[in-house]
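# Tertiary structure, described
Now for the letters of each chain:
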Amino acid sequence: MRVWTIAAAVGALMAPPAQANETRVAPEGHIPPPAQVEALDWLIGQWHGSGIGEAAAYESWLPPSGGTMVGSFVQETPAGGIMFTEHMYIAEDAGSLVVRLKHFNPDLTGWEEKDEVVSFPLLAIEECAAYFSALTYRCDGADGLLVAVRVKGAGEAAEELVFRFTRIR
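In this report, the structure presented in the accompanying data block is examined. (Residues numbered from 1 in each chain as written. Predicted model: local features only at pLDDT ≥ 70, side-chain atom pairs only at ≥ 80, totals over all residues. Heavy atoms only, no water.)

## Quick notes on the overall build of the protein chain
Tallying secondary structure elements over the protein chain gives 1 helix and 10 strands in all. For the protein chain, the succession of helices and strands along the chain, N to C, is α-β-β-β-β-β-β-β-β-β-β. A burial count over the protein chain gives 43% of its 169 residues as buried. Long-range pairs, those at least 24 residues apart, make up 50% of the contacts in the protein chain with a sequence separation of at least 6. Accessible area for the protein chain stands at about 8,500 Å²; split by element, carbon and sulfur atoms hold 54% of it. (Helix = DSSP H or I, 4+ residues; strand = E, 2+ residues; numbered from the N terminus. Buried < 20%, exposed > 50% of the residue type's maximum accessible area, 1.4 Å probe, protein only. Contact = heavy atoms within 4.5 Å. Areas by Shrake-Rupley, 256 points an atom, 1.4 Å probe, with all protein chains shown as cover.)

## Some points on the pairing of strand β10 (residues 159-167)
For a regular strand, side chains alternate in direction, first toward one face of the sheet and then toward the other. Sheet topology note: the strand β1 (residues 45-50)/β10 ladder contains 4 bridges and is antiparallel. Counted as the bridge partner of Trp-47 is Arg-167 from β10. In this structure, strand β9 (residues 144-151) lies alongside β10, joined through 8 bridges in antiparallel fashion. Bridge pairing in β10 places Val-147 opposite Phe-163. (Pairing = 2+ DSSP bridges.)

## What about the packing of aromatic side chains?
Taken as a whole and judged by the stated rule, the model has 6 aromatic pairs. Taken together, a centroid distance of 5.9 Å and an interplanar angle of 85 degrees make the contact between Trp-61 and Tyr-137 edge-to-face. With Trp-61 in strand β2 (residues 56-61) and Tyr-137 in strand β8 (residues 135-139), this residue pair connects regions lying 76 residues apart in the sequence. This pair shows no difference in class: Trp-61 is buried, exactly as Tyr-137 is. Ring plane angle 10 degrees and centroid distance 6.3 Å describe the contact between Phe-163 and Phe-165, whose orientation is recorded as stacked. Like Phe-165, Phe-163 is buried. The ring of Tyr-131 carries Arg-24 above its face, with NZ or CZ at 3.6 Å from the centroid. (Phe/Tyr/Trp six-rings, centres within 6.5 Å; stacked < 30°, edge-to-face > 60°. Lys NZ or Arg CZ within 6 Å of the ring centre and 35° of its normal.)

## Some thoughts on unusual backbone geometry
Within the chain, Ala-94 stands out as a residue other than glycine whose phi angle is a positive 55 degrees. With respect to the helices and strands, the residue Ala-94 is situated in the loop between β4 (82-93) and β5 (96-104). Located in the positive-phi region is Ala-134, a residue other than glycine, with phi close to 75 degrees. Here Ala-134 shows up in the loop between β7 (129-132) and β8.

## A few points about the pattern of salt bridges
Per the counting criterion, the structure on display carries 3 salt bridges. A salt bridge links Glu-22 to Arg-138; the shortest N-O distance between them is 3.0 Å. Of this pair, Glu-22 sits in the loop between α1 (8-13) and β1 while Arg-138 sits in strand β8, and the two are 116 residues apart along the sequence. Judged by relative accessible area, Glu-22 falls into the buried class, the value being 16%. (Salt bridge = Lys/Arg side-chain N within 4 Å of Asp/Glu carboxyl O.)

## What about the state of the cysteines?
Under the criterion given, the structure shown has 1 disulfide. Each sulfur of the disulfide joining Cys-128 and Cys-139 lies 1.4 Å from the other. Of this pair, Cys-128 sits in the loop between β6 (118-126) and β7 while Cys-139 sits in strand β8, and the two are 11 residues apart along the sequence. Exposure remark for Cys-128: the relative accessible area of 26% places this residue in the partly exposed category. (Disulfide = S-S within 2.5 Å.)

Everything listed here is a matter of geometry and, on its own, says nothing about what the molecule does.
What follows is the structure, encoded as structure tokens:
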């Protein structure tokens, strides 16, 4: 299973957002804990913040449907165009949760192969935080959302990107 990678192109295009130690990585043989998608209903809504290179970034999450929450992410360029987007699912899987996503260029060509997704299995879940392997979602104040992801380009060391969002709806 491919747990975490993002194309090196993102790192080459822009300086990353603020870095921290927000992500955790699953140890070998990790068994994801029991969880249901309704535990993440605090994510529902639209979020805005600054992302890569301090350019605008947006994230949206729909209410759970059939054991899945569907989300989208948009990273803009500093000039206001689209750098890339993501289509995301938080899905119930074997009694736990997993985030699955695909990246897209502005012309909707995919980064991953047709039948491939990037997957992040659940490590731990709290009242207002979900820790997936190499991906964290947690509340950041009353109307804030912190999203942190560990990324790695081909032949590069992993680095953590941290995005801070404010609820807009």
